[in-house]
Amino acid sequence: ASIFSAIAMAPRDPILGITEAFNADTNPGKINLGVGVYYDDNGKVPLLECVRKAEALLAEQLAPRTYLPIEGLAAYDKAVQELVFGADSPIIQEKRAVTVQAIGGTGALKIGADFLERFAPGAQVYISDPSWENHRALFEGAGFTVDNYTYYDPATRGVNFAGMMASLHAMPRGSVVVLHACCHNPTGADLTADQWGDVIKAVTEGGLIPFLDMAYQGFGAGIAQDGAVVSRFAAAGGPLLVSNSFSKSFSLYGERVGALSVVAASAEEAARVLSQLKRVVRTNYSSPQIHGGKVVATVLTTPELRALWEQELEGMRVRIREMRNEFVEKLKEKAPGKDFEFVREQVGMFSYSGLTKEQVEHLRKEHSIYAVDTGRICVAALNSKNIDRVIDAIAKVL
Ligand code: PMP
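First, a word on what this report is: a plain description of the structure on this page. The structure displayed is predicted, hence computed values, not measured ones. Residue positions are given per chain, counting from 1 as you read along its sequence in written order. Given that this is a predicted model, residues contribute local features only at a pLDDT of at least 70 and side-chain atom pairs are listed and counted only at 80 or more, while totals for whole chains, interfaces and linings are drawn from all residues.

Brief notes about the sheet that holds strand 7 (residues 176-180)
Strand pairing within a sheet occurs via backbone hydrogen bonds; the two strands may be parallel or antiparallel. Within the open sheet, the seven strands sit side by side as 2-10-9-8-7-3-4. Their pairing is mixed. Since the sheet does not close on itself, it has two edges, and those belong to strand 2 (97-103) and strand 4 (145-150), each with one partner. Ignoring which end each strand starts from, the neighbouring axes of this sheet average 25 degrees apart. Sheet analysis places strand 8 (residues 209-214) next to strand 9 (residues 240-245), joined by four bridges and oriented parallel. Note on strand 9: the bridge partner recorded for leucine 212 is valine 242. Throughout, a residue-residue contact means that the two C-beta atoms, derived from backbone geometry, are no farther apart than 7 Å. Working convention: axes come from line fits to C-alpha atoms, limited for helices to the stretch in contact. Angles between N-to-C directions cover 0 to 180 degrees. By the criteria applied, helices consist of DSSP H or I runs no shorter than four residues and strands consist of E runs no shorter than two, each listed in order from the N terminus. On the sheet, helix 3 (residues 74-85) packs against strand 2, strand 9 and strand 10 (257-263) and is oriented at approximately 110 degrees with respect to strand 2. On top of the sheet, helix 9 (residues 223-235) reaches strand 8, strand 9 and strand 10; it is set at about 165 degrees to strand 8, its chief contact. Strand pairing is assigned whenever DSSP identifies at least 2 bridges connecting the two strands.

Remarks on the site of the ligand
Whether a residue is near a molecule or strand depends on its C-beta atom, generated from backbone atoms, being within 6 Å of that molecule or strand. If you check the shell around the ligand, you find Gly36, Gly104, Gly105, Thr106, Trp132, His180, Asn185, Asp213, Ala215, Ser245, Ser247 and Gly258 and nothing else. Counting residues per element, the shell around the ligand draws most heavily on helix 5 (residues 104-119), which supplies three residues. Grouping the amino acids of the shell around the ligand by side-chain chemistry returns two nonpolar, nine polar and one charged. Note on residue categories: nonpolar means Ala, Val, Leu, Ile, Met, Phe, Trp, Tyr, Cys or Pro, charged means Asp, Glu, Lys or Arg, and polar means any other residue, Gly included.

This is the structure we're talking about:
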């Protein structure tokens, strides 16, 4: 028999499974709200103008495709640090932060997880309940035991903050706590600035290792506002890991551009951390890809392109807000007595809509509208052409 004869079929990725079912649906009016991608008002994944211009500049340079250094493009890593920690951050001046270019946000989390597994072995890892569906598998795959901390409260459709604080206080010292820096996926429910203050205090006093995952910087309140939590954590003085992704904010999903930044206690300690991060990268895939890193670095460091990016990102953020407002207003008309006001308060691309598994199934079977079983919908997949159909269908299944 083949050495693979006893291998069991691995479970399908639940989100990608929705897309497969969507693709197989022959109804021309089908709508996929199960995705984690920003679409423009024409239902297209945008190619940002700033990216197009940077690519035109790069194409003219006819640069050879050499290997990048293990830690990635220097200009990229520097630009990421300034974006994530703030350009005038004392952490950067003191050289306490090190950054490695990564294969998307997922790659950044994986480098961080492998690094922690070596230097904080046996630590307990905590993720929010619920969280991005890959967090658990990724940290378990790196060798950790993963538990949840209390986060979402379906009754209030917001954060169970007292529960979250109780979870933080109960974690053993040295535990790793994975936090969504902004635009919580999947719920859309974020902490307030005051609540973050309490979380930072509990994490610092409890001797926990914070791992901030920032996949949606700029989709909440703004680039600086969304990133503020990172500099607040950095200022608290303890160790810190930050994964960030440009998949959404640059609409560069397939280029796989992200980064991992680690804040250490001193420049000397940071240098040793960097040497170990490089070892993780070297033994996994050697070095990151060149194109996406160059595009992002060019945009971030060229003033006109940077201004254009900020404007385009604002455009995406504003369009999502408008869709949230329309969703609430239109449902108020079509489904009087049902309160969807909370959708307006949620932040980022996603909404825990409150739709039940059965309602999601009805949407799919009777209306060819696809959402996640948990009721998560991608607000960024709504547009002026499909929203009325979505609202009519939701009103029918409620
Ligand atoms: N973290 C969160 C919370 C995410 O939602 C995502 C992407 N959907 C990622 C990380 C991974 O980002 P990337 O696609 O850049 O790997």
